[in-house]
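Structure at a glance
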Amino acid sequence: MSRLLFKDYLGLAICIFTSTLLLFPDVPIWCFSLGILFWLWRLFCHVFDFTIPSRKITGFLSFLALAVILMDFRTLMGKEPAASFIIILSGLKALEFSDDTEKDFLVLLGFFLISSKFLFSYDLMYLILSLPIYAILTMNLFPHEWLKGSRSAALKYLGKVILLAIPMAATMFIMLPRITKTLLEIPSNSRYGSSGFSDTVSPGSISRLSQNNEVVMRVELFHNRFNLSELYFSGLALEKANQMNWTALRNEDGFTLSEAPSEVDYHVVLEPHYKNQAFSLKGTDSMGAEGLRIYRDSNYNFKFDTYLEKKAFIQASLGGARPKVSEAIINRNLPEPELSTLTSEQQTQLHDLVKKITDSSRTPEQVSKAILNYFGSNRFTYTLNPGEQPQLNLYDFLFKYKTGYCEHYAAAMAQLFRLSKIPARVIVGYHGGEFNPLGNFWTIRQKDAHAWVEFINSQNRWVPVDPVTVVAPQRIELGFNMYNSIVNELLTEEEIKNKLNGTDTFSRLSMWFDSVNYRWSTFLLEYDFDKQKDILRRFNLSLGNALILVLVLLFTVSVLINLFQRRGIKKNFSELCFEEINKWATKFDLQKKETEGPVTWLQRIANALPERSKPFLPDLEKAFSLWINLAYKPTLTPADSKKSLNEIRKIMKRG
Amino acid sequence: MKSIFQNVVKSASEVILDKDEETLLALTCILSEGHLLIEDVPGVGKTTLVQALAKLLDFKFSRIQFTNDLLPSDIIGNSIYDPEKKEFNFFEGPLFSHLVLADELNRANPRTQSALLQAMEEFEVSQDKHTYALPKPFILIATQNPKQQVGTFSLPESQLDRFLMAFELNYANKDSELKIFQGSDARLALKNLKTLVSKTEIVMHQDNARKVFVSPLIAEYIYELLNFTRKNQSYPPLSTRSGLSLSKAAKSYAYIQDRDHVIPEDVQKVFVAVMGHRLGLSEGVKIGKKLAEEILNGTKVPV
């Protein structure tokens, strides 16, 4: 029984274990636990000196795992089942690992593990994590002798391998065509992102997000410069109302496939989320994304045909004027709120207010101004923590509490529009964000979630209006982050100034990393077959030539490795002789047992050699005696040793 | 195998059947100038083997039967006063032979046992103020009853270490035993044995055996074998001296096989005999033999 627990391959063990941990979010929990369990089992065997389970047991377990994965996923294709199987397989391999021969297979599994995480994640973070793992795995493919010796030599060696690994990885990346879609469209078990809006907004439901720092998307604007106060990304239009609660209509009509824009005005890198909304800037007329279908309704609201499972790279263009709104939509957005739950006194008070607003104004635009004026001059306040108040009614908000978050104001304002016989609706999406001057893009987080109002103006077009501009202008001008800092006195004035200029070290550093990461993910998401051809063309290469180049490169590397290897064990001629003979013996499955001496081995071969190979025996005996002389007689000169080695090679070739 | 040793083994096999391997090991021991411990129940041919060897190699042979009342002077010899010359005369004891059979060594009391120590290690004995050199070659072959037998003092560790080799004789196989029952008296056959090698030749062979080459690979193999017991708690750790003994024995074995260099098989052939008693300690050679085989099967032969 062998007690070898990666004794010489500790690095290998750590690599594969780390890769397993990295894949944790992508596989079902049972798969992951099983993988870890095998590792613990192995550790247990090692510590308590138990017998390692035989190959029969591990083989049976791997078949069992395959069957369970098949049952769980209904297929073996695609990323998740493959990752699950590799995790279990590497756990099992670690369990039965006992000698060098299993090492190469384990290294291969390690490559698969780490690559599948890295290439599917689109995150630079994983590149940094993967590089040392790649390097150590590659190192384990090299002859063992190289790794012996001092630790500093090993570190130096590791550095060299990393240096070699980077150009290698780059070549692979440029040459290998990439698949932008998952191999098969399988419902996946993995977690989705947590952004996106549900169909209903009630008072307090958006303010709940104000503590959520998760990134929703990163947006890069090209031609037009936007101020922060103009950055409204609308996600969902809510047209059905019940006082302060607004719901999206389950009306799927009117959606057409949006074509990819001919001229790109801005990019959106959208993180995965659990809804199908595509957030678009005010005035967007088309959106397109590689491998995804985006639909558009007559009012230029965009959505995907499916939940967003991975990062999406969206190109969008801004267009001119909006089309006129159809009669049906106008009628849909007209119904006055149901006020029967209020007392008659409260209803009168509400109607008086509406009368006051409509008396002074004739056009919808004037009504809008009047409502904003009302909010502005009647001590309405803006609060970041209104708490959950799904039962809050219109009257209580307008006359009693007079405080709330954006959704309170949007909901109330849209209702006031409708009471004034003007069609209106609530829009939810994001506003503002954090500008990264180094990468020239905006980072929009969950806490930037916002709600505002759209009403139909006198030209029958939708017009957005944000009541918060009146109640808390700073929220719109500075964005949520700054406003929050000011209101809660988290930062001094100076720190805010530094933050705005991006001059404090930490925020600069994080901005820098974020911008590099952004570039990486856009590059990766954009890198398709056309880009690949582009790059090849730039180097004047056809695809066929490129393939030949790769082959030549691989050949050179293998030759180099071979040369290195020779030099690495040059001193030991006896070992080279042994390897020659052992290679030959492999043909008859008569390799040397580790605890066997040379003469015993020869005896065994002589007894077991098939009849037709018997004539070779005298030659073999000669080779053995040459080897034995080399190994156990007083040291020969290098020249003589070489002669012996060559003679053995000649003999073994004949055999 | 060198023909001369082949002849010795062959002649010995006429007297004591089915013990060729043991004879070979005993020869190896003699060539290494080492002492031999044979552990077995009485009546399996321990004495016959030793007597046959003595005869074949032209050794002066003496046999000491150890009992619990045997005194050191009984084996070393006595100084006796000569009234005529008015001086002490040293009368050599049975130890002054080439081949001494110390029969049932573990029956003797520890004091007598330790009297053998100096003789075994330094090839000389001290009596009063004088030191007397033992004849060359000097080989002590001790027999020992298995520990379970009553009335025995087990040998101390330090004394066990002085023996180069130890083995059991075991019963002969069925065919050989049948032949023994049918055959003529072994003692008669013993008398008919002819001397094959002279004492001087043996000394020469001993010198030559010392010159057999041990390559770095073999040294590494021996190290690995010892190291196996040192890193593994379930074995008594083997000393450097035991490694030296192993190398010495392997050299002699290689010499008998007519080779001027040691190969791993030589080490393997003598390993159990050299290490058995060092591993078994007070548990006996039988247990030690088992441990030694485990070590052999757990150690890679370096290539």
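Source: prediction; values computed, not measured.

Parameters at a glance
- Residues take numbers from 1 onward in each chain, read along the sequence in its written order.
- Numbering of ligands from 1 and lettering of chains from A proceed in the order in which they are written.
- Local features are withheld for residues below a pLDDT of 70 in this predicted model, meaning they are given only at 70 or higher, and side-chain atom pairs are given and counted only at 80 or more; totals for whole chains, interfaces and linings count all residues.
- What counts as a helix is a DSSP run of H or I of at least four residues, what counts as a strand is a run of E of at least two, and both are numbered from the N terminus.
- Residues with at least 20 neighbouring C-beta atoms inside 10 Å of their own are called buried, those with 12 or fewer are called exposed, and the rest are partly exposed, where every C-beta is derived from the backbone.
- To form a nonpolar core, buried Ala, Val, Leu, Ile, Met, Phe, Trp, Tyr and Cys residues must be joined through C-beta atoms within 7 Å.
- Once C-beta atoms are placed from the backbone, any two residues with those atoms within 7 Å are in contact.
- Following DSSP output, two strands are said to pair if at least two bridges run between them.
- The predictor attaches a confidence to each residue, and that confidence, scored 0 to 100, is pLDDT.
- Residue polarity follows a fixed list, in which Ala, Val, Leu, Ile, Met, Phe, Trp, Tyr, Cys and Pro are nonpolar, Asp, Glu, Lys and Arg are charged, and the others, Gly among them, are polar.
- Axis definition: a line fit to C-alpha positions, over the contact stretch in the case of helices; interaxial angles, taken between N-to-C directions, run 0 to 180 degrees.
- Any angle that is under 35 degrees is reported as roughly parallel, and any over 145 degrees as roughly antiparallel; angles of 65 to 115 degrees are reported as roughly perpendicular and all others as oblique.
- Here a crossing is called left-handed whenever its near helix is offset anticlockwise from the far helix by less than a right angle, and right-handed whenever the offset is clockwise.
- The span you would expect from a helix comes to 1.5 Å times its residue count less one.
- Two axes define the bend at a residue: one fitted to the seven residues ending there, one fitted to the seven starting there, and the bend is the angle between them.
- By definition, the arc is the one covered by directions from the helix axis to the C-beta atoms.

**A closer look at the overall build of chain A**
Counting secondary structure elements, chain A contains 23 helices and 20 strands. Looking at chain A as a whole, 34% of its 655 residues are labelled buried.

**Describing the nonpolar core**
Among the nonpolar cores identified, the biggest contains 107 residues, and W627 of chain A together with L53 and M165 of chain B are the most heavily contacted of them. For W627 of chain A, the contacting residues outside a window of four places in its chain are S574, C577, F578, I581, P598 and I648 of chain A. By size, the runner-up hydrophobic cluster in this structure holds 82 residues, among which are F304, L419, F435 and A472 of chain A.

**Comments concerning the pairing of strand 8 (residues 139-144) of chain B**
Residues and elements named next belong to chain B. Most of strand 8 is tucked away, with six of its six residues classed as buried. Side chains of strand 8 alternate between two faces, with I139, I141 and T143 and L140, A142 and Q144 buried alike. In terms of strand pairing, strand 1 (residues 35-39) meets strand 8 through four bridges, oriented parallel. Considered in strand 8, the bridge of L37 is made with A142. Summarising the sheet, strand 5 (residues 99-103) and strand 8 pair through four bridges and their orientation is parallel. Residue V100 lies in a different strand from strand 8, and its bridge partner there is L140.

**Considering the confidence of the model for chain A**
Residues and elements named next belong to chain A. On average, chain A scores 77 in pLDDT, and the residues at 70 or more come to 79%. The spread of mean pLDDT over the elements of chain A runs between helix 7 (residues 144-147), the lowest at 54, and strand 19 (residues 449-456), the highest at 90. Counting interchain partners and residues more than four positions distant, the pLDDT-below-50 stretch residues 177-193 has 35 contacts. Counting contacts from residues 566-570, a segment whose pLDDT is below 50, to residues more than four positions away or on other chains yields six contacts.

**Here's the deal with the interface of chain B and chain A**
If you look at the interface, chain B gives 16 residues, while chain A gives 15 residues. Of all the secondary-structure elements, those providing two or more residues to the side of chain B that touches chain A are helix 10 (216-231), helix 12 (264-280) and helix 13 (285-298) of chain B. A per-element tally of the side of chain B that touches chain A places helix 12 of chain B first, with three residues. Residues belonging to the side of chain B that touches chain A are distributed by class as follows: nine nonpolar, five polar and two charged.

**So, the sheet that holds strand 12 (residues 302-304) of chain A**
Residues and elements named next belong to chain A. Strand order across the open sheet formed by four strands is 6-11-12-8, with antiparallel pairing between neighbours. Each having just a single partner strand, strand 6 (256-257) and strand 8 (277-278) make up the two edges of the open sheet. Here two bridges tie strand 8 to strand 12, and the two strands are oriented antiparallel to one another. For A278, the partnering residue across the bridge sits in strand 12 and is F302.

**Considering the sheet that holds strand 13 (residues 312-318) of chain A**
Residues and elements named next belong to chain A. An order of 10-13-7-2-18-17 is seen for the six strands of this open sheet, with the pairing classed as antiparallel. Strands at the two margins of the open sheet, each flanked by one partner only, are strand 10 (284-289) and strand 17 (434-436). Within this sheet the neighbouring strands show an average axis-to-axis angle of 25°, counted without direction.

**A short note on the packing of helix 20 (residues 573-586) of chain A against helix 22 (residues 617-632) of chain A**
All names here are of chain A. The interhelical angle for the contact between helix 20 and helix 22, taken along N-to-C directions, is 160°, at an axis separation of 9 Å. On the basis of their axis angle, the class for helix 20 and helix 22 is roughly antiparallel. Handedness of the helix 20/helix 22 crossing: left-handed. Counting all contacts with helix 20, which are made through F573, S574, C577, F578 and I581, the residues of helix 22 involved are A623, W627, L630 and A631. Class assignment for the residues of the contact of helix 20 with helix 22 results in eight nonpolar, one polar and no charged.

**A word on the packing of helix 1 (residues 3-15) of chain B against helix 2 (residues 20-31) of chain B**
Residues and elements named next belong to chain B. Where helix 1 meets helix 2, the closest approach of the two axes is 10 Å, and the angle between their N-to-C directions is 130°. One way to sum up the angle between helix 1 and helix 2 is to call them oblique. When you trace helix 1 past helix 2, the crossing you get is right-handed. Of helix 2, the residues touching helix 1 (which contributes F5, V8, V9, A12 and S13) are D20, T23, L24 and L27. Tallied by class, residues from the contact of helix 1 with helix 2 come to six nonpolar, two polar and one charged.

**Topic: helix 12 of chain B**
All names here are of chain B. Under the 1.5 Å per step criterion, the end-to-end length of helix 12 is 23 Å for 17 residues, consistent within 8% with the ideal 24 Å. At F271, helix 12 is bent by approximately 40°, the largest bend along its length. Taken across its 17 residues, helix 12 has 17 buried, putting it largely inside the fold.

**Here we look at the environment of D40 of chain B**
Residue and element names in this part refer to chain B. Within the secondary structure layout, D40 lies in the loop between strand 1 and helix 3 (46-56). Of the residues examined, D40 has 19 C-beta atoms within 10 Å and is grouped as partly exposed. Once the C-alpha coordinates of D40 and K286 are considered, the two residues, 246 residues apart in sequence, prove to be 9.5 Å apart. Every residue in contact with D40, bar those within four places of it in the chain, is listed here: K46, E168, L169 and N170.

**A word on helix 21 (residues 598-608) of chain A**
Regarding helix 21 of chain A, the residues found buried are P598, W601, L602 and I605 of chain A. Around the axis of helix 21 of chain A, the buried residues are gathered within 100° of arc, so they sit on the same side. The elements touched by buried residues of helix 21 of chain A are helix 20 and helix 22 of chain A together with helix 12 of chain B.

**Some details on the environment of M204 of chain B**
Mapping M204 of chain B onto the fold places it in helix 9 (residues 199-210). M204 of chain B sits 173 residues away from L31 of chain B along the chain, and the two C-alpha atoms are 9.3 Å apart.

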